[in-house]
Amino acid sequence: EQEGLSFIGISFSVNTPSGNPYSYQLCDQFPMENIIDRNYDYVMSMDEDGWLVGGGYKSFDYSGKMPYIDSSHTELLRIGSLDVDKGGTTIEQVYEAMSSVTFAPFSIYPEYLKGGGGHHSGDNEDQQKVPSSDVTLIVSVVDTYEDGDSYSSYEIFLNNLFSAMQAVNGGSCMDDHDTDPHVSMARGVKFKSAYHQEQYMYSANLEVAVWQAMYPKGTPIGSKGYASFPPGSRGNKQYVGYGNLYFFFDRANITKAFRPYRDLTDDEAAYATLYTSSDVSSYYANTNEIGFDYSGSGDGGGGNWEHNPYSWKATMAMHDMTDGWDLPPNCEQEGETFFGIPLSRKSDSSLQVSTSFQEQFNFEHIIDRNYTYIKSFGTNHGWLVGEQIGNGAGSIVDKDTAHIPIFYIGTTNPNMGGISLSNLIKVGKRIEFGTLYIKPAFVFIDDNGHIKLQFEMDPNSALAYLYDNLCKELGIAWNYDTPYNKEGVYTNCAMHASGDRAKYGCGPDGTGVGGFCPQMTVAYSARFQSEEHAAAYLDQCNNYVDYWRSLYPSGVAVGTNQFCPSGGCLGLFLNRYDLYNVFKPDLGGSWVEYGGGSLQPTFSPAPTWKGGCDEPHNFHLDKCFRKRMKPKASAVVWDSLGAVGQFSIFLIAFMAVTLSISIFLARARKRRRKGESYIDFMFRDAKRKSKKRKKRRLKGNKDLEESMLGDEKSRSRRSSRSKSRSRSKSKARERERERVRESARD
């Protein structure tokens, strides 16, 4: 009753410097980054996921693609839905079945790379647009035979796996046959022309020809690195090895690895480690032609079309994110960066963490978590307001990315016709707009099959004024009024024309011919159980929308106590996934909001309110911010020393400590008693030194310690001592006189 995307397969994931740093390195054999066009030499645009192979994307990639890890793979068996109530199979059943079967390492042979496939957007039927298609690498599982077996290892594994799945009562949604091995590389790809497509196909297939020369009998896939599953888990990393199979909950989440029952043979090991342990330059030097036929696979040879950028018009701003863009003139790279209103809330996903940007709307009321109405989705993405681990459809487990896109900027690469992120923020800080109020209108399904929530569009609102000014300051500069802003920075890649006034946009009061349309995408390409189920779903959603409309008859400025407390803020998104910068209305300042963290604003051209820095409205100003966040004097002194001074102080302290330790060890070796530890000696030595200090204090200088005006006792003692001294002296003189007299008589 429900399709699903979970499967058992082989991963070709690689970790590359240009890709996502968290991508797995599970394939040392095929350098997948060599068969993608990351530099846009041939490709004009793709869907929002971009290249699914070759390392994934970083968050700050110029293209603004979703910052996913590398998810390249080939399916061997589609498990489908994980909801047992819908005929699916649980993860535990899959694990139990896989643990009961054994398999030898499978060797993979690269066949050829192809395009075509007729993407679902329908562009191929429109002669005025560039056709879009998928790019796919075809591979095959090499038939290898263990000792004495009549069937190949792969055939035996499939038979045993089907039997094991039946033994654990696997659901009926599982395929009853294996999948044709292939690697989906990209979807919704639009090339610059038929010639560019042909050149790309030749370049990529020449690389495949090199792989065929390196692995004439195929190669086991694997790596000598370590990894932990699922992505982001804190479990102990395990050795990857070679010949593994993996269970993919969805294409981006491997939850478990299954190892083959034996190690590689000498021949298998030689192929598996060839690329990483040998010099393979000779294979590239000696492979000058393609020895296989890849014609008829969408290589561009079937037509003579070319993208005409001057046919671009404002209505193209209403873009299908599951397809590529048609770019404006002088724009050489696509981009997904945009200004919009963030609407996401904290997600229930156990793999992703969402931040709450509003508390006025709970979109859980307009989605079908139980799949009562919806059967599946046409993409790997499920509900865009946040997916959950264990969802029956096996959709990618994403955080809540709800938002209303207002103005698409395009690429942030100035060398490709775009505008840099720093300049974009400067322009955003200078645009004065009022508090942004939004009011939901209805839920509908657009021409591409996407579920969307429409918001009212008032041509005289602050939202329309904002859009109009974005067009005037950042719009493309051909066939319309030339854009102008005080920073003097522009882009050729904005997805709106500078003359496209907000009053022409969609909505109850607009003419419906412009590019401005405040909508929130709820899900891509939803597939319903039937037309009756679709109608019932929309009816239920719009009943709740009517409740929101009664709750906020004049609209509402969204926000939370921690995020934009006054409501109505504007966000700058790197992509649908990452909100980067936030701008307050009425030039109230801006701040960086990225990855769940916030940085206080340090610049604002806002006017000063009465009350000085004690007035909360002025807290964001430079002067008040520095006053409230004044650093400690010690921190200022430390920073003033600079790197050299700080290092010098650290070095002196280190030398002083080491010298003290050396002196102590020298004393201890000379004076510690037999069998006495260094710690015992340290305590004994410290006590001995303290006793010496006490004795010195007691001895002192007695003359200085005498009281100058002593008491009677002290004076009597001194007089008695002086008398005794005088008496003793007189007696001595008398004895001396007697001795003199006696000597005279004699």
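Just so we're clear, the structure is a prediction, and the values are computed from it rather than from any experiment. (Residues numbered from 1 in each chain as written. Predicted model: local features only at pLDDT ≥ 70, side-chain atom pairs only at ≥ 80, totals over all residues. Heavy atoms only, no water.)

### A closer look at the side chain of His73
Then, number 1: By secondary structure assignment, the location of His73 is in strand 3 (residues 73-80).
Then, number 2: At a separation of 2.8 Å, a polar atom in the side chain of His73 contacts the main-chain carbonyl oxygen of Ser71.
Then, number 3: Here His73 is in contact with Phe7, Ile10, Ser11, Phe12, His182, Val183, Ser184, Phe248 and Arg251, once residues within four sequence places are set aside. (Helix = DSSP H or I, 4+ residues; strand = E, 2+ residues; numbered from the N terminus. Polar contact = N/O pair within 3.5 Å; in protein donor to acceptor, adjacent residues only side chain to side chain. Contact = heavy atoms within 4.5 Å.)

### With respect to the confidence of the model for the chain
Interpretation of the predicted coordinates at a detailed level should be avoided for regions scoring low in pLDDT.
Then, number 1: Within the chain, residue pLDDT values average 82, and 80% of them lie at 70 or more.
Then, number 2: Averaged pLDDT values over the elements of the chain bottom out at 42 in strand 22 (residues 597-599) and peak at 96 in strand 7 (residues 219-220).
Then, number 3: Note that residues 597-608 has pLDDT below 50 and, in this model, 32 contacts with residues that lie over four places away or in other chains.
Then, number 4: In the predicted structure, residues 704-726 sits below a pLDDT of 50 and forms five contacts with residues beyond four places in sequence or in another chain. (pLDDT = per-residue confidence, 0-100.)

### Re the pattern of salt bridges
Then, number 1: For the coordinates displayed, the defined rule picks out 13 salt bridges.
Then, number 2: Notably, a salt bridge pairs Lys65 with Glu336, separated by 3.1 Å at the nearest N-O pair. Of this pair, Lys65 sits in the loop between strand 2 (43-45) and strand 3 while Glu336 sits in the loop between helix 6 (281-286) and strand 12 (337-342); the two residues are 271 residues apart in sequence, bridging distant segments of the chain.
Then, number 3: For Lys65, a relative accessible area of 0% translates into the label buried.
Then, number 4: Shared partners join several salt bridges into a network, and the residues in it are Lys65, Glu334 and Glu336. (Salt bridge = Lys/Arg side-chain N within 4 Å of Asp/Glu carboxyl O. Buried < 20%, exposed > 50% of the residue type's maximum accessible area, 1.4 Å probe, protein only.)

### Here's the deal with the sheet that holds strand 11 (residues 253-258)
Then, number 1: Here we have four strands laid out as an open sheet, ordered 3-1-10-11, and antiparallel in their pairing. Looking at the sheet topology across the chains shown, the edges are occupied by strand 3 and strand 11. Taken pair by pair, the neighbouring strands of this sheet meet at an average axis angle of 30 degrees, ignoring direction.
Then, number 2: Relative to the sheet, helix 1 (residues 91-99) contacts strand 1 (6-11), strand 3, strand 10 (245-250) and strand 11, its axis offset from that of strand 10 by approximately 170 degrees.
Then, number 3: The sheet contacts of helix 2 (residues 153-167) involve strand 1, strand 3 and strand 10, and relative to strand 3 the element is tilted by about 25 degrees. (Pairing = 2+ DSSP bridges. Axes fitted to C-alpha atoms, helices over the stretch in contact; angles between N-to-C directions.)

### Notes on helix 8 (residues 462-474)
Then, number 1: Its 13 residues place the ends of helix 8 18 Å apart at the C-alpha level, agreeing with the 18 Å of an ideal helix rising 1.5 Å per residue.
Then, number 2: A large share of helix 8 lies buried, amounting to 10 of its 13 residues.
Then, number 3: If you check which residues of helix 8 are buried, you get Leu463, Ala464, Leu466, Tyr467, Asp468, Asn469, Leu470, Cys471, Glu473 and Leu474.
Then, number 4: Tucked into the core, helix 8 has its buried residues touching strand 12, strand 14 (403-410), helix 7 (421-430) and strand 19 (570-573). (Expected span 1.5 Å × (residues − 1).)

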